[in-house]
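# A structural walkthrough
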Amino acid sequence: MSSTSLLRGGLLLAALLGAHVQAADSLVVCTEASPEGFDIVQYTAATTADASAETLFERLVAFAPGSTEIIPALAQSWSISDDGLSYTFNLRQGVKFHSNPAFTPTRPFNADDVLWSFQRQLDPDHPWHKLSLRGFPYAEAMGLRQLIERVEKLDDYRVRFVLRHPEAPFLANLAMGFASIYSAEYADQLLAEHAPERLNSQPIGTGPFIFERYAKDAQVRFRANPDYWDGAPAIDRLLLAITTEPNVRQQQLKAGDCQIALYPRPVDIPALKADARLQVLELDSLLTAYIGINTRHPPLDDVRVRQALNLAFDKAAYIRAQYGEGNASPAVAPYPATLWGYDEELQDWPHDVERARQLLGETGRKSGFKLSIWTRPGGGPTNPNPGIGAQMLQADLARLGIASDIRVFEWGELIKRAKNGEHDLVFMGWAGDNGDPDNFLTPNLSCAAAKSGENQAGWCNEAFDALITQARREPQQQKRAALYRQALAIFHEEAPWIALAHPKQFAALRKGVEGFVLSPMGSNNFARVKLP
């Protein structure tokens, strides 16, 4: 991007922020993409979670900052039956919901809100179930309707989840964004006013920040929740400044237009570390970059074609160009080797163009077909420079005689259209939500996820599906790990993805900013940030 464009970006941000937002009690965060909406149960993008699940909403349990340790949140304690089928939660009392000009709560959070939040997703006859335009991707991909027999109210501050079978990651799953708790009272009001769309555009939660307004592709504004049960944030205002271009985010950070810049490109980290005005955070996160291969589109339904694409792509060159030295490790499986259940014996596909040609020859398709390559503008942690990555893939396909065209879509549009299965090849990334291997496999590669569209490969392998289902129901981690290793071997042979990399996570901050902690799940929470 030219210097003129950078200047324009800085002037635009300054105009958007206004003088009062630049005050010392206001935090401005330069982030990469617009949220898809604020009804978090409909969406899976990390930027959507940052603007909703990490600011406005809370769940019964949470992850301790910077870790996968489960801690109390809206539930202050819980118990699990010996057979693993019953989870009883004791709810926190006196928690206040937010208000806005059209809604003032008349009661604090209680069990009715928990029941509404889950029954909406689980019960097809619930009045709000069919009002979700995007469905419930996590609930559908994870088969929650088949898992949860009932959610029952024991009294105003106790609820019980009864499962049909044991589910090892269930408690950790309840710390994920899709398990956020909504105000049943607000939902009832919106339904009575025939305005259900406001749940997605004027959200009400119990979180540390209160929603003020959103300008698409520009900014999201919040103010601190003075009644937050865990203590009001140290900042009065939070603004997420949406800046798709990493170079612009850097310049805005250096100019002091924002105090935190998320997702700097790994190749720019040395220069950022050398700037005395800045500090750089980094973490080996649960991130995976991959190219989803749409197995519903011939000839990609032929495993030999998918294997040929893996052999043809020069992954080592891609990682050097995208991440620089030491900032990412090659991906062989859907999750990194640091997570339990990984199969150390899996060998990555070598870069072997001749073998790729032989495989295509076996299919009778030596050349002559065309594929579409889908990617996004800007860049984030799993795809720092989308244009270069897509061009490298295009060049490697050309060496096989495969023509391809690159199509660039805004992030929300990319996700929506890929869910519809319109693509051939799509650059995607995944941040683990809960530190469990299942979270990489079930939401992205299960047959249920293929049906819902969240599995961009559209790949449904019955043997793989049976293994991950069995693993979820197995309480012993050692036995679960053995099942996952079998599942990973099937994934590797079937090649529904080109697994690219497990990148490190970075954030750049102005010196003096305190309290911001990187999460291994890739989420960003600003409730405890303090400004100098």
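All of the points below concern the structure found in this document. Everything numeric here is computed off the predicted structure, so don't read it as measured data.

Moving on to the overall build of the protein. Helices and strands together make up the secondary structure of the protein, namely 19 helices and 19 strands. Its C-alpha atoms give the protein a radius of gyration of 23 Å, within 12% of the compact-globule value 24 Å for 532 residues. On the principal axes, the C-alpha backbone points of the protein span a range of 70 × 60 × 40 Å. With 532 residues in all, the protein has 59% of them scored as buried. Partitioning the intrachain contacts of the protein with sequence separation of at least 6 by distance along the chain shows that 71% fall at a separation of at least 24.

This part is about the nonpolar core. Core analysis: the largest hydrophobic core is formed by 110 residues, its most contacted members being F89, L91, F161 and F526. Top element by residues in this core is helix α3 (residues 111-122). It accounts for six residues. With near-sequence residues (within four places) excluded, F89 lies in contact with L60, V61, A75, S77, W78, Y157, R158, V159, F161, L171 and L174. Counting residues in each nonpolar core, the second largest holds 33 residues, with I373, L393, I402 and A495 among its members.

Turning our attention to the sheet that holds strand β8 (residues 209-215). On the basis of which strands lie adjacent, the open sheet formed by seven strands has the order β8-β9-β10-β1-β11-β19-β12 and mixed pairing. Both edges of this open sheet fall to β8 and β12 (278-283), since each of them pairs with a single strand only. Strand-to-strand twist across the sheet, computed as the mean angle between neighbouring axes with direction ignored, equals 20°. Relative to strand β10 (residues 237-242), strand β1 (residues 26-31) runs parallel, the two being bridged by six bridges. When the bridges of β10 are listed, V29 appears paired with L240.

This brings us to unusual backbone geometry. The bulk of non-glycine residues show a negative phi, and the bulk of peptide bonds are trans. Note the cis peptide between P298 and P299, where omega equals 5°. As for its position among the elements, P299 is in the loop between β13 (287-293) and α11 (303-312). In this structure, D217 takes a positive phi of about 60° despite not being glycine. Examined against the element boundaries, D217 turns out to sit in the loop between β8 and β9 (219-224).

Moving on, we come to the state of the cysteines. Inspection of every chain in the model, using the stated rule, returns two disulfides. Here C30 is linked by a disulfide to C258, with a sulfur-sulfur distance of 2.5 Å. Judged by the torsion about the S-S bond (-110°), the C30/C258 disulfide is left-handed. A residue pair is termed long-range when its members are at least 10 positions apart, and C30 in strand β1 and C258 in the loop between α9 (246-254) and β11 (260-262) qualify at 228 residues.

With that settled, consider the pairing of β9. When you tally the buried positions in β9, you get five out of six residues, the bulk of the element. Across six bridges, β8 lies against β9 in antiparallel orientation. Paired with F211 across the strands is F222, a residue of β9. Bridge count for β9 against β10 is five bridges, and the pairing is antiparallel.

Along the polypeptide, V408 turns up in strand β16 (residues 403-408). It is 28 Å that separates the C-alpha atoms of V408 and E140, two residues lying 268 residues apart in sequence. Dropping the residues within four chain positions of it, V408 is found in contact with T375, R376 and P377.

So, about helix α12 (residues 315-323). Within α12, burial applies to K315, A317, Y318, I319, Q322 and Y323. Immediately downstream of α12, the backbone of G324 shows phi near 75°, a positive value.

On to the packing of α3 against helix α7 (residues 184-192). Running from amino to carboxyl end, α3 crosses α7 at an angle of 60°, the nearest separation of the two axes being 8 Å. Taken together, the axes of α3 and α7 are oblique relative to one another. Residues D112, D113 and W116 of α3 lie in contact with α7, whose contacting residues are A184, E185 and A187.

Under the definition given, this model contains 31 salt bridges. One salt bridge connects E32 with R376, and the closest N-O pair in it is separated by 2.7 Å. Separated by 344 residues along the polypeptide, E32 in the loop between β1 and α2 (46-51) and R376 in the loop between β15 (370-375) and α14 (386-398) bring together distant segments of the chain. Ionic pairing is found between K153 and D156, a salt bridge with its closest N-O pair at 3.2 Å. Taking relative accessible area as the criterion, K153 reaches 35% and is therefore assigned partly exposed. Taken together, the salt bridges that share partners define one network made up of E149, R150, E152 and R160.

Another aspect to go through is the packing of aromatic side chains. The geometry of an aromatic ring pair is captured by the separation of the ring centres together with the interplanar angle, meaning the angle of the planes. For the coordinates displayed, the defined rule picks out 26 aromatic pairs. Taking the centre distance of 6.4 Å and the plane angle of 40° together, the rings of W78 and F89 count as tilted. Linking W78 in strand β4 (residues 75-80) with F89 in strand β5 (residues 86-91), this pair joins segments that are eleven residues apart in sequence. According to the relative accessible area criterion, F89 is buried, its value standing at 0%. Consider the rings of Y335 and Y342, whose centres lie 6.4 Å apart with planes at 65°: the pair is edge-to-face. Pair check on accessibility: Y335 and Y342 agree, each one buried. Clustering of aromatic rings is evident, with ring pairs tying together W78, Y87, F89, F118, F161 and F170. Positioned above the aromatic ring of W411, the side-chain terminus of R376 is 4.4 Å from the ring centre.

So, how was this worked out
Residues numbered from 1 in each chain as written. Predicted model: local features only at pLDDT ≥ 70, side-chain atom pairs only at ≥ 80, totals over all residues. Heavy atoms only, no water. Helix = DSSP H or I, 4+ residues; strand = E, 2+ residues; numbered from the N terminus. Rg over C-alpha atoms; globule rule 2.2 N^0.38 Å. Buried < 20%, exposed > 50% of the residue type's maximum accessible area, 1.4 Å probe, protein only. Contact = heavy atoms within 4.5 Å. Core = buried A, V, L, I, M, F, W, Y, C linked by side-chain atoms within 4.5 Å. Pairing = 2+ DSSP bridges. Axes fitted to C-alpha atoms, helices over the stretch in contact; angles between N-to-C directions. Disulfide = S-S within 2.5 Å. Parallel < 35°, antiparallel > 145°, perpendicular 65-115°, else oblique. Salt bridge = Lys/Arg side-chain N within 4 Å of Asp/Glu carboxyl O. Phe/Tyr/Trp six-rings, centres within 6.5 Å; stacked < 30°, edge-to-face > 60°. Lys NZ or Arg CZ within 6 Å of the ring centre and 35° of its normal.

None of the figures reported here should be taken as evidence of function without further support.
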